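Listed below are the residues making up each chain.
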Amino acid sequence: MTERIQTLLKNCLNKKHHALRQPMDSNLTAAFQNPKLPPVVRTSLRLKALLQAERPIVEPFQKIVLQRTITDVPGIFCEQELEEIHKAHYIHELGNVSNINPNYDKIISMGMEKLEEQVKTRLLQCQNEQDMAGELFLSSVLQSIGAVYDLCDRYRQEAMTVGNTEVAALLSRIPRQPAKSFHEALQFFRILHFTLWAEGEYHNTVGRFDQFMFPYLQRDLERNILTEEQALELLEEFFISFNLDSDLYPGVQQGDDGQSLMLGGVTREGKDAINLLSFLCLKASRELKVIDPKINLRVNKNTPLSLFEEGTLLTREGLGFPQYSNDDIVIPGLAALGYSLEDARNYTVAACWEFIIPGAGMDVCNIGALSFPKVVNAAMERYLDQCKDFEEFLGKVNQQLQQECTLMCSSFDNLYFFPAPFMSILMEGCIENARDISLGGQYNNYGIHGTGIATAADSLAAIQSLVFKEKSISAQELIGAVKADFKGYELLQQKLRLDMPKMGCDNDEVDDLAAYLLDAFAQALSGKSNERGGIYRAGTASAMFYLRHAAETPSSADGRSGGEPFGANFTPSLFVKTKGPLSVINSFTKFDLRKTINGGPLTMEFHSTLFRDGDSITKVAQLVKYFIQRGGHQFQLNAVNREAMMDAQIHPENHAQLVVRIWGWSAYFTQLDKEYQDHVIAREEYVV
Amino acid sequence: MWCNMARGLLFDIKELSIHDGPGPRITVFLKGCPLRCQWCHNPEGLAFEQELMVKTAQCLHCGLCKKPCDHAECQPFQRCLHACPKGLISLCGEEVDAEQLAKQLLGYRDFLMDNGGGITFSGGEPLAQPEFLLALLQKTKPLHRAIQTSGYVESPIFEAALEHIDYVMLDIKHTDNVIHKQYTGVDNALILKNLELLKKSGKPFVIRIPLIPGINDAVENLENTAILIKDAKALVRVELLPYNPFAGSKYPMVGKKFALKFDEQESRPIDLSLFKKHGVEAVIL
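Calculation criteria
Residues numbered from 1 in each chain as written. Chains lettered and ligands numbered in written order. Predicted model: local features only at pLDDT ≥ 70, side-chain atom pairs only at ≥ 80, totals over all residues. Helix = DSSP H or I, 4+ residues; strand = E, 2+ residues; numbered from the N terminus. Rg over C-alpha atoms; globule rule 2.2 N^0.38 Å. Buried ≥ 20, exposed ≤ 12 C-beta atoms within 10 Å, placed from the backbone. Contact = placed C-beta atoms within 7 Å. Domains from an automatic or database assignment. Nonpolar A, V, L, I, M, F, W, Y, C, P; charged D, E, K, R; others polar. Pairing = 2+ DSSP bridges. Axes fitted to C-alpha atoms, helices over the stretch in contact; angles between N-to-C directions. Parallel < 35°, antiparallel > 145°, perpendicular 65-115°, else oblique. Left-handed = near helix turned anticlockwise from the far one by under 90°. Core = buried A, V, L, I, M, F, W, Y, C linked by C-beta atoms within 7 Å. Arc of directions from axis to C-beta. Right-handed = clockwise from strand over helix to strand, strands pointing away. Expected span 1.5 Å × (residues − 1).

Chemist: Honestly, the overall build of chain B in this entry has me stumped. Any pointers?
Modeler: Within chain B one finds nine helices and eleven strands. A globule of 285 residues ought to have a C-alpha radius of gyration of about 19 Å, and chain B, at 20 Å, matches this closely. Projecting the C-alpha coordinates of chain B onto the three principal axes gives extents of approximately 65 × 45 × 35 Å. Buried residues in chain B amount to 40% of all 285 residues. Counting contacts in chain B only where the partners sit at least 6 residues apart, residues at least 24 apart contribute 74% of the total.

Below, the structure written as C-alpha cells:
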C-alpha cells in the first residue's frame, strides 16, 4: 500500500471528513415537498436541492472525489401523504427502490451528453403522443442529469482552486463524455453511485465490477499509460470511497449497506470471465481490510484451487468475505425460473446474497420470509395428536406450509416504490419505455427467504423419533412441553437438544426432512405469479429474521427455548455440536439447491488461528472447493475470534476495527446492538 | 479373528484438522494412554475407560444428577447422565467397531485423496489399543494413514503398525531418561528404541516436541534431539509445539487436578538454528 493510500485510509477510519458535514437546510425542503407536484418531479427536485447544497471537498492529493457533506435525504412526502400511501399500497421496507444492481457501464461507456440526447428525443415523442406520465418522467430525468453536471462542475472548480489539476482535468470530460481510461471510469462510477444514494435509493450494489471495468484497465495497460501498481493504487482509493459515506446509508445495522461487488464467473456467452482486475480487487480488499465493498466470488466445480486460496487469504483478514456462489447451481437455477440463459450467466448478488441480474432485474428479492419453524409448530399444535403415523404428519406440515405461502403471497398487494428517475437511466428499457424503474423492470420477481431450516428439520426429526418410533412420549405431552416453554420438562428438553438427530451431522434421517421442507417450499411458490407479472422465488436466507422469527416462535420441538435465536441463513441450529466442517457441508449439500435459488449461504465460523500459514490456507481452500464440488449453492466463511469478541463487549474502545459477518454483510463489532453481537458469539466456532 | 470383531474406545473425531499431517485430515482420537505427561492438555484421553465429563463451572449444585436412576448406561458412574437441567454432563468415550468407523472414514475418500490428505490416529496413545488400531489401519487402506504417537509401546506392535502406516508423527519429549520419567511417568528407552526402528523403516516421519517451559526447552535437550535424528533420511522435519497455556482447562471436567508445577513465564525464545546446524529442518507450529 502506498503512503498516499495509507493517509487516505487513515483519514477515512478516523472519520476526519465527518467534521465537514451538516444536515440539510430545512428551508430548502419546501421546494420538493410541494404536494401539488407529482412524486417523480419532487424526487428530481430533491436531488437537485441536495446536490446544490453539497459542498465540494477536494484534497490536493486525491485522485477520486465526491463525498457527502449533507447528512440526510429528507422525504418527498409529508406525514399525511405517507399515511395514505401506506393505506393504499404495500410498501417494501422504506419504500425506496433498493437492492438491485444498476448497469453503471451503460452510462460510463456512453457519457451523459449522449444519454441526454436520447432522453430529449424520447421526450419529444411523448409530447407528440401526449404521454403525460412519460413526459413527467423524462423531464425529471433531464433535471437530475443537470443537477449532476452542476455538482461535478463545482467539484472541478474546487479542484482547480486547490491545485488538483488531475481531478480538474478528469471532471472537464466526465460525466458528459464517455470514460476513456480506467481512472475516468472509476471516477465516473463514483459520480453515478454517489448520485443514487443522494436520490434516496439504498443497497445500491456494485455488481460485476471486474467485468465492466476491465476493458478500461486493459486499454490503459496496452497503451502503457498505466502500470499494474498504479491501477491497484487507484483501485484502493476507489474502494476507500465506499467507506466515506456508508454510515449515512439506511440499513438494519451499520454495515448493512449493500455495497456488494461480484468477481469472476462466466461471460454472457458462458466463457470463463476471471481477469487481472478480479485479482487486483482481491488484493486491494486484503490490503485495505475495510468492510466495503463486500467481495463476492463466482466459482464452479472446475475453478482451480489457486483461486480458492486467493479467496481464503482474504477470508483470513476476518472481514467475512469473499462469499462464494456456485455457477453450476445458480445459473441453471435461475434459467429454470425463466431468466434467459445469457442473463442467468450474468448474475450478481443483491445487498447480501440474493441472485439478481444487472440492469435488468427489478426483482424484490427480499419481499418476504417464510419461517420453517413456525410452520412446523403450527402443524404440530393443530394436527400431531390426530396423525396415526409420521408420514401423515409430514403431509400436514406440507399443507400448513402451502397455506402459509399462499397467505404471504397475497399480502403484497398494490406494491408501490418511490420514483427513482436517476436510477432509471441505469436500468434497461426505462428510457425507451419512458417509465420509471420503480414501476418495474425487465424481471419483476419476488424472493421469499426461508428461515430456520435446521430448527424445523431438527424438530421434525425429534417428533419422528420420540412420538412415532420410540413412542416414549405422546403427541399431547410434547405439544404441552413446547407450549410450556419446557418449564417442568427440563429433562425432555435436554434429551431433545442433545440426543436427537440434528442437521449438520451428516445424518440422512434429519437431512432428508430438510430436503422435504425445501422441496415443499419451492413447490408452494412454483406457479404463483405476482401483480407485476413476475414469479416467486424460494430461498435459503434468513436476513434479520433469525432473530425476528425466533422471537415470534416461542419454543420448538428440537428443544430450543423461547427467545433463543435460529442459526443465521443456511446453518445448523446454534446449540448443536456438529461432528465438524465436513459433516456440516455434507448435510447442507444433499439438496437440489437449484430449486431454492433466491440465495442464502451456508455460513461457517473458523477460529482466526486456523489461517496461520500457507499450508492451512490451502486446506481451508480445499474445504470451500469441496462444498462447490458437492453442489452447494453459496458459501460464506468467517475467521473469528470469540475471545476478542467477548473482550470487545467489555472493552469496546480496544476493538474499534474488529469486524464480524452478520447475515449478508460485515460490520464493525462494537457498532452492533448487543443481540447481534451475542448471536455471532454463540455460533459454533471450528478450531482445527 | 480380531480383524472382524475389533472394537475400540474413542474420545473424539476431528474433521479437517490442519496440523495433523499432510493435506486436509480427519483425526481419530483413541482413548487411553500409558504416559502421564504433566502438561497433557487432553486429560480425557488418559483413562482406558469411559468417564463422565462435567462442566463444573456452570453447575447449579441442584443434586438432580445424584438421584438414583434406572438407565443402564448411568450405573457405573452412580450419577444420572440425563438429569442435568443444564445439560452439563456428558459421557466421554465411545465404543466403536473398526469396520463401521472405517466405513465412515472411507466416506470422505474423494475429498481426502483429491487433496492429498488422509486420516490420522491420535490419542491418548493410539498404539495402546493395538488390535483395534491394526484392524482400522487395514480397513482404511487406500487412504493415507498417519499416526501421532508417544512411541511408548512394545516394539513388535510398533513394527506391525508401521507396516500399514504412511506417515508417523513421533513425540520426543525428553532425551534424558531421568527427566523423562519424572515428567511423563515412563522410561524413554522403549521410545528411543522405536525411534531407531522407525528410522530404519524408511517411512516418512516427523519428530514433535511439545515445548514445556523450563523442562525440555533448553538448548541441550533440543540439540540432543537433533543429534538423535540428524542421520535419518526419511525425516520430514521437526515440529515444535509451543506450550498451550490452556492445557489445564479440561482437568476439572474429568475430576482431575492439573498438577504441573513450573513457571509459565520461564518460556524462552526458541533458536531454530540449533537444528539447522545439524542439517535438521525445524518449524514452530
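Chemist: Can you help me understand the overall build of chain A in this one?
Modeler: A count of helical and extended segments in chain A gives 28 helices and 15 strands. Relative to the compact-globule value of 26 Å for 688 residues, chain A shows a C-alpha radius of gyration of 26 Å, a close match. With 688 residues in all, chain A has 54% of them scored as buried. Counting contacts in chain A only where the partners sit at least 6 residues apart, residues at least 24 apart contribute 78% of the total.

Chemist: So what exactly am I meant to see when it comes to the domain arrangement of chain A here?
Modeler: Many authors give the size of an interface as the accessible area that is lost as the parts come together. Residue and element names in this part refer to chain A. Each domain of chain A was delimited in the assignment, giving domain 1 (3-292) and domain 2 (364-412 + 443-686). The partner domain 2 presents 16 residues to the nine residues of domain 1 that form the contact. Residue classes in the side of domain 1 that touches domain 2 are distributed as three nonpolar, five polar and one charged.

Chemist: It is not clear to me how the sheet that holds strand β7 (residues 364-371) of chain A should be interpreted in this structure. Could you clarify?
Modeler: Pairing between sheet strands relies on hydrogen bonds along the backbone, with the strands arranged either parallel or antiparallel. Residue and element names in this part refer to chain A. What the three strands build is an open sheet, ordered β7-β9-β10; its pairing is parallel. Two strands in the sheet have a free side with no partner beyond their single neighbour: β7 and β10 (536-538). For this sheet, the mean angle separating the axes of adjacent strands, direction not counted, is 30°. Packing of helix α23 (residues 508-525) onto the sheet brings it into contact with β7, β9 (446-451) and β10, and relative to β10 it is tilted by some 175°. Sheet contacts for helix α24 (residues 545-552): β7 and β9; angle to β7, the most-contacted strand, approximately 35°.

Chemist: Looking at this structure, how should I read the packing of helix α5 (residues 112-129) of chain A against helix α6 (residues 132-161) of chain A?
Modeler: Angle between the axes and distance between the axes are the two parameters that describe a pair of packed helices. All names here are of chain A. The contact between α5 and α6 brings their axes to 9 Å, and the two run at 160°. Compared by their axis directions, α5 and α6 come out roughly antiparallel. Of the two elements, α5 crosses α6, and the hand of that crossing is left-handed. Along the contact surface, α5 presents Met112, Glu116, Val119, Arg122, Leu123, Cys126 and Gln127, while α6 presents Gly134, Glu135, Leu138, Ser139, Val141, Leu142 and Ile145. Taken together, the residues of the contact of α5 with α6 break down into eight nonpolar, three polar and three charged.

Chemist: Is there a simple way to explain the domain arrangement of chain B in this structure?
Modeler: What the domain assignment reports for chain B is domain 1 (2-50 + 94-284) and domain 2 (54-91). Centre-to-centre, using C-alpha coordinates, domain 1 of chain B lies 33 Å away from domain 2 of chain B.

Chemist: What's the story with the nonpolar core in this structure? I'm lost.
Modeler: Soluble, globular proteins show a tendency: their nonpolar side chains are buried together. In this structure, A:Cys281, A:Ala457, A:Ile463, A:Leu517 and A:Phe521 are the most contacted members of the largest nonpolar core, which totals 262 residues. Looking at this core element by element, the count peaks at eleven residues for α6(A). Ignoring sequence-local partners within four residues, the contact set of A:Ala457 consists of A:Met503, A:Val510, A:Leu513, A:Ala514 and A:Leu517. Core analysis: the next-biggest nonpolar cluster, separate from the first, contains nine residues, B:Ile207, B:Val238, B:Val280 and B:Ala282 among them.

Chemist: Explain the environment of B:Leu274 here, please?
Modeler: Residues and elements named next belong to chain B. Looking at the secondary structure, you find Leu274 in helix α9 (residues 273-276). For the pair Leu274 and Leu222, spaced 52 residues apart in sequence, the C-alpha separation works out to 7.8 Å. Discounting residues that sit within four places of it in the chain, Leu274 has contacts with Val219, Leu222, Glu223 and Ala226.

Chemist: Would you mind showing me how to read helix α21 (residues 475-483) of chain A here?
Modeler: Residues and elements named next belong to chain A. For α21, the full list of buried residues reads Leu478, Ala481 and Val482. Seen along its axis, α21 keeps its buried residues to an arc of 95°; they face one direction. Those residues of α21 that are buried lie in contact with α20 (453-469) and α22 (490-498).

Chemist: Help me understand the interface of chain B and chain A in this model?
Modeler: Of the residues lining the interface, 15 residues belong to chain B; the matching set on chain A comes to 18 residues. Here the side of chain B that touches chain A gets five residues from one element, more than from any other, and that element is strand β1 (residues 7-17) of chain B.

Chemist: I tried to follow the pairing of strand β10 (residues 235-241) of chain B on my own but got confused; where do I start?
Modeler: Taken residue by residue, a regular strand's side chains alternate between the two faces of the sheet. Residues and elements named next belong to chain B. Sheet topology places strand β9 (residues 205-210) next to β10; six bridges connect them, and they run parallel. Bridging from a neighbouring strand, Phe205 pairs with Leu235 of β10. You can see the chain leave β9, run along helix α8 (residues 219-229) and come back into β10, and the turn it takes is right-handed.

Chemist: Could you clarify how one ought to interpret the pairing of strand β11 (residues 602-607) of chain A in this entry?
Modeler: All names here are of chain A. Among the six residues that make up β11, five are buried, leaving the element largely enclosed by the rest of the structure. The pairing of β11 with strand β12 (residues 634-640) spans six bridges and is classified as parallel. The residue of β12 that forms the bridge with His607 is Val640.

Chemist: Looking at this model, I keep getting lost on helix α16 (residues 372-383) of chain A. Mind explaining?
Modeler: Given 3.6 residues to a turn, an α-helix orients residues that are three or four positions apart in the same direction. Counted at 1.5 Å a residue, the expected span for α16(A) with its twelve residues is 16 Å, and the 16 Å between its end C-alpha atoms agrees. Along α16(A), the residues classified as buried are A:Phe372, A:Pro373, A:Lys374, A:Val375, A:Val376, A:Asn377, A:Ala379 and A:Met380.

Chemist: What should I look at first to understand the sheet that holds β10(B) in this one?
Modeler: All names here are of chain B. The mixed open sheet is built from nine strands, whose spatial order is β5-β1-β2-β6-β7-β8-β9-β10-β11. Across the chains shown, the open sheet's two edge strands, defined by having one partner strand only, are β5 (94-97) and β11 (282-284). Across the sheet, the axes of successive neighbouring strands diverge by a mean angle of 30°, strand direction being ignored. Relative to β9, strand β8 (residues 167-171) runs parallel, the two sharing four bridges. Residue pairing in the sheet places Asp171 in a bridge with Arg208 of β9.

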